[in-house]
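Letter by letter, the chains look like this.
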Amino acid sequence: MTPRLFTSGCAVVLIGVVWAMPMRSVKAQGPYVGTDAQRESGKQLYGKYCAQCHGDKGDGEGYATPHLYPRPRNFTTGKFKVRTTPNGALPTHQDLVNIIRRGMPYTSMPAWPDLTDQEVANLAYYITTFSPDFTNPERAPKPVELPSAPAATSATIEQGKKLYEETGCTKCHGTLGRGDGASAPTLKDDFDHPIRAADLTQSWTFRGGATREDIFRTMSTGFNGTPMPAFVDGLSPEQRWAITDYIASLSGSEGPGYTNLVVAKYVKEPIDMAKGAASFAAAPVAHLPIVGQIMEPGRAFHPPTTSLSVQAIYDDTSIATLVRWHDRTAEKTGQNGPSLPVAPEEEEEGGGAAEAAGGSPFGDAEVAPGAAQPAEKDPFAEAEAPAVTSEFSDAVAIQIPSETPATARKPYFIFGDAENSVDLWFFDLAQAAPVQFTGKGSADVAPKDPTDVTGVASYANGEWSVIFKRPLRPASAAPFSPGEFLPIAFSVWDGFSRERGSRRGLTLWYSIYVEPQNVPSAVGPMIRTALSILAIELILVGWVRWRYGSRARGELGDPSRPAATHA
Amino acid sequence: MKILVVVAVLVVFGVLRLRRASLLAWAGAWWVGLYVLLRFGFTAPIPSSVVTIYMGIVTLAILAYVTSSEERRGDVSGPLVRFMTERRYTPLLGATIVAIPALAAANVYVQMNVPLQPPLFSRTVHPASPSEITVHDAKINLDTAENTFLHLERSNAAEYRQHVENGRRVYYRNCVFCHGDNLSGNGMFVHGLDPIPTNFTDGSIAGLRDSFLLWRISKGGPGLPEEGGPWDTAMPAWEKILKEEEMWEAILFLYDFTGQKPRAREAGEHK
């Protein structure tokens, strides 16, 4: 076969393949949903790994469901959040495979890295059996075109920022992307469950993934069944990429960069709380993860706060700690407290479900009518957060041991224990100042008198900034001593999610290190070491030259050996 | 042993032997070779303090060998003396004299700038259990107690499955947040926990009695003895939330899901 003949042969085959491809999809009865054997194998896996949350019938009503937020996917509706297909369409097989493989960060849907490719594929096929849509030829999913990424530049980020505001992203996601838009408190999904707009400054929590490609796909195809619309028709690919670049730039880093240490820096000027966060510029930021208080009755399975940023400074007399966290709404009315009661049945409702049950101050009656049907509503419609009074206010607490631990033993991390108590600096953000409690366990929290902790709190653009200040060495509390570590833990309450008392987000014990005023410089010891070694070397070389120099010059042999044996 | 490292070191020794290297090169090669073996030659890393002790012994042994005869001492000191006295080596000698203090100073800098780490406390992962615990007013002897429902496995399979299923519900309503969907200790809160939750799939629970699990589940972190570090683990004392039967059912589920069996009582211990 001549090369020319071969080339044209290839071209004919190629044309044939291209021509045959659309024919095949026309002939197909809906999307390919695997063989009976594959679906049966998927069913076995589903029973073992998935049914406890998604339910035996795939309706999202499993054993775990009452405690989960977001709720497990109901497969019978054919609505899937993360897809490459248009809004309202079914996902492709590969979309299902991807979400099983990668999971959804910061939800109860884990990644499944240990299943084989075949197992994941079989699971994806089995999931299609829950909805008749998957066998409907008219609903065969066709992925939208997702052009590859142009380079991100400061110009595209700037353009994306403008488009972000013009397109109305701020209405839900907020001016600075912290998920605190005016509509955020009213958002519900198609199943009438409250839903939180993503905090765009924490890409590691994005449900659909954090890469630029993931953000672009979510922007393009939206999240089915939620208020997040698809922009594939509304915006050009360049515009979507620009917004993607802007959103990607909001997170600052790829991961949360959690740490286990707060370092308090010395400042010469006496601490002035009126200056707010500006005083803390020199102090490193410790990013600490928040987990649900699921250890004591009155549990919080899905606290809305996922992390805190903590900084600390001290002057000659006091130490000040700045705690910042993202909160979609500031609840500055009502009350909160470390031991407010939580009815046992409220646990069953889960974090977000309590809001759905009408427990939220923003009940159905107060929500703008359009907001309840996000699928049909204009996503750009104006919606104002109703001005209502919350029953529970937001609150935050810092916890340290009442006495510096003499041994490795610390008080229990949830408000201490009977033998080892803790000091709680508690700030009900409906009040003007913090108060102090002594904790000997969750059931034994008593006010501590007198309170020597002062504080200021402010809320702006979806973020609380709270400063606590306390004397370095008070008469009746653990001192902060330069050069020493002290255990420290935090609790945070979101009044909007009816968090109070034991129902809250918290951290385990971390450490605060009071960095000495003068950190010893390495230069002195470095010079001393270098000079002393240099001196030893010079003495050694000098001695060797003095001892052997005259004989070695011009002569290669070892002076201590007769030259004859060397030859 | 990491075969590649061992072979590499032996090859170097062999090449030096064939090329009849000087005693000084030999001594240096042995010192470096043994260090590489100790540091990188073992699959399980040797603690640096132990490596330091071994290298001290190696150093003494090499020194003893090279000074054991007049001839060997000469073989080693000869090249060193020539290096320090002969004119052609002067630039190299100068560079060495500068380089050694510079390296030492750099080392001091690194030592003084080690990132701050909060104090670490050791803890026992599976501390010894007490012989008896009280759960909901019921005294349970941990030496003799057995899972309430285990005997059903042979006598009444249907009822047994029902209890496993109940345990599954208990697990996914309570334990899944930390111990994870596939029981491997990677639940959604794991990034905020230290120590990390137990992995039930790694075989460790097969080495434990089911009564030990009941103790750990019912009393949790607060019920750990002093050496277990009760102040750090987030494991709740589940007796505050679950009934005794629910805990036994959860234990049943843990072994069933992972396909493991609790450690059998030894022959003499049977009731």
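As the structure is a prediction and not an experimental result, all values here were calculated from the model.

Rules used in this analysis
Residues numbered from 1 in each chain as written. Chains lettered and ligands numbered in written order. Predicted model: local features only at pLDDT ≥ 70, side-chain atom pairs only at ≥ 80, totals over all residues. Heavy atoms only, no water. Helix = DSSP H or I, 4+ residues; strand = E, 2+ residues; numbered from the N terminus. Buried < 20%, exposed > 50% of the residue type's maximum accessible area, 1.4 Å probe, protein only. Contact = heavy atoms within 4.5 Å. Areas by Shrake-Rupley, 256 points an atom, 1.4 Å probe, with all protein chains shown as cover. Phe/Tyr/Trp six-rings, centres within 6.5 Å; stacked < 30°, edge-to-face > 60°. Lys NZ or Arg CZ within 6 Å of the ring centre and 35° of its normal. Expected span 1.5 Å × (residues − 1). Bend = angle between axes of the 7 residues up to and from the residue. pLDDT = per-residue confidence, 0-100. UniProt positions renumbered as here; feature names shortened; annotations may be inferred. Domains from an automatic or database assignment. Buried area = accessible area lost by both parts, 1.4 Å probe. Salt bridge = Lys/Arg side-chain N within 4 Å of Asp/Glu carboxyl O. Polar contact = N/O pair within 3.5 Å; in protein donor to acceptor, adjacent residues only side chain to side chain. Nonpolar A, V, L, I, M, F, W, Y, C, P; charged D, E, K, R; others polar. Patch = residues over 30% accessible without salt bridge, like charges linked within 9 Å, V, L, I, M, F, W, Y side chains within 5 Å. Disulfide = S-S within 2.5 Å. Core = buried A, V, L, I, M, F, W, Y, C linked by side-chain atoms within 4.5 Å. Axes fitted to C-alpha atoms, helices over the stretch in contact; angles between N-to-C directions. Parallel < 35°, antiparallel > 145°, perpendicular 65-115°, else oblique. Left-handed = near helix turned anticlockwise from the far one by under 90°. Pairing = 2+ DSSP bridges.

Trainee: How would you summarise the overall build of chain A if you had to cite specific residues and measurements?
Mentor: Across its full length, chain A holds 13 helices and 14 strands. When each of the 567 residues of chain A is scored for burial, the buried share is 54%. Taking the contacts inside chain A whose residues are at least 6 apart along the sequence as the reference set, 68% of them involve residues at least 24 apart. Accessible surface computed for chain A: about 25,600 Å², of which carbon and sulfur atoms make up 58%.

Trainee: Can you break down the packing of aromatic side chains residue by residue, with the values?
Mentor: Here a ring pair, both rings aromatic, is described through the centre-centre distance and the interplanar angle of the planes. In the structure shown here, the tally under the stated rule is 34 aromatic pairs over all chains. Measuring from ring centre to ring centre gives 6.2 Å for Trp 26 of chain B and Trp 30 of chain B, while their planes differ by 25°; the resulting arrangement is stacked. Placement of the pair is Trp 26 of chain B and Trp 30 of chain B together in helix H2 (residues 23-40), with a separation of 4 residues, close to one helical turn. According to the relative accessible area criterion, Trp 26 of chain B is buried, its value standing at 16%. One aromatic cluster is present, built from ring pairs that chain together Tyr 46, Phe 75, Phe 80, Tyr 126, Phe 130 and Phe 134 of chain A. Stacked on the ring of Trp 215 of chain B, the Lys or Arg Arg 216 of chain B has its end atom at 4.4 Å from the ring centre.

Trainee: Please set out helix H4 (residues 70-85) of chain B residue by residue, giving values where relevant.
Mentor: Owing to its 3.6 residues per turn, the α-helix aligns residues three or four sequence positions apart on the same side. Residue and element names in this part refer to chain B. Taking 1.5 Å as the rise per residue, H4 with 16 residues should run 22 Å; its terminal C-alpha atoms sit 21 Å apart, in good agreement. Largest kink in H4: about 30°, centred on Ser 77, with the proline Pro 79 one to four residues after it. Taken together, the buried positions of H4 are Gly 74, Val 76, Gly 78, Val 81, Met 84 and Thr 85.

Trainee: Explain the confidence of the model for chain A residue by residue, including any values.
Mentor: All names here are of chain A. The pLDDT averaged across chain A works out to 86; a share of 84% of its residues lies at or above 70. Note that pLDDT drops below 50 for residues 16-28; the model gives that stretch 1 contact with residues more than four away or on any other chain. Overall, residues 554-567 carries pLDDT values under 50, and its contacts beyond four positions in sequence, including any with other chains, amount to 13 contacts.

Trainee: Could you give me a rundown of the UniProt feature "transmembrane region" (unreviewed entry) in chain B, with the residues and numbers involved?
Mentor: Residue and element names in this part refer to chain B. What UniProt calls "transmembrane region" (unreviewed entry) maps, in this numbering, to residues 45-68 and 89-110. The straight-line gap between the two end C-alpha atoms of residues 45-68 is 34 Å; of that span, 79% is helix and 0% is strand. With 95% helix and 0% strand, residues 89-110 has end C-alpha atoms that lie 31 Å from one another.

Trainee: Hey, could you go over the domain arrangement of chain A for me, with residue numbers and the actual values?
Mentor: All names here are of chain A. Split by domain assignment, chain A resolves into domain 1 (36-139), domain 2 (154-251) and domain 3 (261-339 + 390-514). When each unit is reduced to the centre of its C-alpha atoms, the spacing between domain 2 and domain 3 is 32 Å. For domain 2, the biggest contributors to the area lost against domain 3 are Arg 178, Asp 180 and Arg 196; these three give 50% of the whole. Across the domain 2-domain 3 interface, the total number found is 1 salt bridge. Here Glu 463 makes a salt bridge to Arg 178, at a shortest N to O gap of 3.9 Å. At the junction of domain 2 with domain 3, the criterion picks out 7 residue pairs in polar contact (both at pLDDT 80 or more). By residue class, the composition of the side of domain 2 that touches domain 3 is 5 nonpolar, 4 polar and 4 charged.

Trainee: Before we move on, could you go through the UniProt feature "domain: Cytochrome c" (unreviewed entry) in chain A and cite the residues and values that matter?
Mentor: All names here are of chain A. Feature annotation in UniProt assigns "domain: Cytochrome c" (unreviewed entry) to the following positions: residues 37-131 and 155-251. Helix makes up 40% of residues 37-131 and strand 0%, whereas the separation of the span's terminal C-alpha atoms amounts to 19 Å. Secondary structure across residues 155-251 divides into 42% helix and 0% strand, with the first and last C-alpha atoms of the span separated by 18 Å.

Trainee: For the confidence of the model for chain B, give the residues involved together with the corresponding values.
Mentor: All names here are of chain B. Looking at chain B, pLDDT values average 90 and 97% of them are 70 or higher. Mean pLDDT across the elements of chain B ranges from a minimum in H4, with 88, to a maximum in helix H9 (residues 244-258), with 96. Note on the complex model: pTM 0.83, ipTM 0.83.

Trainee: Just give me the short version of a nonpolar patch on the surface, but keep the residues and values in it.
Mentor: Residues and elements named next belong to chain B. A cluster of nonpolar side chains, namely Met 1, Ile 3, Val 7, Val 11, Val 15 and Phe 42, defines an oily patch on the protein surface of about 540 Å² accessible area. Along the chain, Val 11 turns up in helix H1 (residues 3-18). Note on Val 11: relative accessible area 48%, which makes it partly exposed.

Trainee: Give me the state of the cysteines: which residues, what numbers.
Mentor: All names here are of chain A. By the definition in use, this model includes 0 disulfides over all chains. The thiol of Cys 169 is unpaired, and the distance to the nearest cysteine sulfur, on Cys 172, comes to 9.0 Å. Note on Cys 169: relative accessible area 10%, which makes it buried. By relative accessible area, which is 16% here, Cys 172 ends up buried.

Trainee: Help me get a handle on the nonpolar core, residues and values and all.
Mentor: Phe 413 of chain A together with Tyr 171 of chain B are the most contacted members of the largest nonpolar core, which totals 94 residues. Discounting chain neighbours no more than four positions away, the residues touching Tyr 171 of chain B are Val 176, His 179, Gly 180, Leu 183, Phe 200, Phe 253 and Leu 254 of chain B. By size, the runner-up hydrophobic cluster in this structure holds 33 residues, among which are Val 323, Ile 398, Trp 425 and Leu 472 of chain A.

Trainee: Give me the interface of chain B and chain A: which residues, what numbers.
Mentor: Taken together, the contacts link 56 residues of chain B with 68 residues of chain A. Taking both partners together, chain B and chain A bury about 5,500 Å²; carbon and sulfur atoms supply 67% of that area. At the junction of chain B and chain A, the tally comes to 2 salt bridges. Close ionic contact of Asp 232 of chain B with Lys 410 of chain A constitutes a salt bridge, the shortest N to O distance being 3.1 Å. Seen at the junction of chain B and chain A, the total is 11 residue pairs in polar contact (both at pLDDT 80 or more). Only H4, helix H5 (90-112) and helix H7 (157-179) of chain B provide two or more residues apiece to the side of chain B that touches chain A. Counting residues per element, the side of chain B that touches chain A draws most heavily on H5 of chain B, which supplies 11 residues. When the residues that make up the side of chain B that touches chain A are grouped by side-chain class, the tally is 30 nonpolar, 13 polar and 13 charged.

Trainee: Can you lay out unusual backbone geometry for me, pointing to particular residues and giving the numbers?
Mentor: Here the bond from Tyr 69 of chain A into Pro 70 of chain A is cis, since omega is -5°, no more than 30 degrees from zero. Look at the link from Asp 194 of chain B to Pro 195 of chain B: it is a cis peptide, with omega at 5°. The phi dihedral of Arg 20 of chain B falls on the positive side, at around 50°, and the residue is not glycine. For Arg 20 of chain B, the location among the structural elements is in the loop between H1 and H2. Among the residues examined, Arg 20 of chain B registers a relative accessible area of 76% and is labelled exposed.

Trainee: Which residues make up the packing of helix H8 (residues 210-219) of chain B against H9 of chain B, and what values go with them?
Mentor: All names here are of chain B. Put simply, H8 and H9 touch, their axes get as near as 10 Å, and they point 125° apart. Accordingly, the angle class assigned to the pair H8 and H9 is oblique. Read as a crossing pair, H8 and H9 show a hand that is right-handed. Together, Asp 210, Ser 211, Leu 213, Leu 214, Ile 217 and Ser 218 of H8 and Met 247, Trp 248, Ile 251, Leu 254 and Tyr 255 of H9 make up the contact between the two elements.

Trainee: I'd like a description of the environment of Asp 452 of chain A, backed by residues and values.
Mentor: Residue and element names in this part refer to chain A. Looking at the element boundaries, Asp 452 is found in the loop between strand E9 (445-447) and strand E10 (454-460). The sequence separation of Asp 452 and Thr 76 amounts to 376 residues, and the corresponding C-alpha distance is 57 Å. In contact with Asp 452, not counting residues within four places along its chain, are Gln 436, Lys 469, Arg 470, Pro 471 and Pro 474.

Trainee: Which residues make up the pairing of strand E14 (residues 510-514) of chain A, and what are the values?
Mentor: All names here are of chain A. Counting buried positions along E14 gives 5 out of 5 residues, so the element sits mostly inside the fold. The side-chain alternation of E14 yields two buried faces, one formed by Tyr 510, Ile 512 and Val 514 and the other by Ser 511 and Tyr 513. Note that strand E1 (residues 261-266) and E14 share 4 bridges and pair parallel. Bridge pairing in E14 links Leu 261 to Ser 511. Bridge count for strand E12 (residues 485-493) against E14 is 4 bridges, and the pairing is antiparallel.

Trainee: Give me the lowdown on the pairing of strand E7 (residues 422-428) of chain A, citing residues and values where you can.
Mentor: Residue and element names in this part refer to chain A. By the criterion of burial, E7 is predominantly enclosed, with 7 of the 7 residues buried. Along E7, one buried face is formed by Val 422, Leu 424, Phe 426 and Asp 428 and the opposite face, lined by Asp 423, Trp 425 and Phe 427, is buried too. As paired strands, strand E6 (residues 395-401) and E7 are joined by 7 bridges and run antiparallel to one another. For Ile 400, the partnering residue across the bridge sits in E7 and is Asp 423. Bridge count for E7 against strand E8 (residues 435-439) is 5 bridges, and the pairing is antiparallel. From the neighbouring strand, Phe 426 faces E8, where its bridge partner is Val 435.

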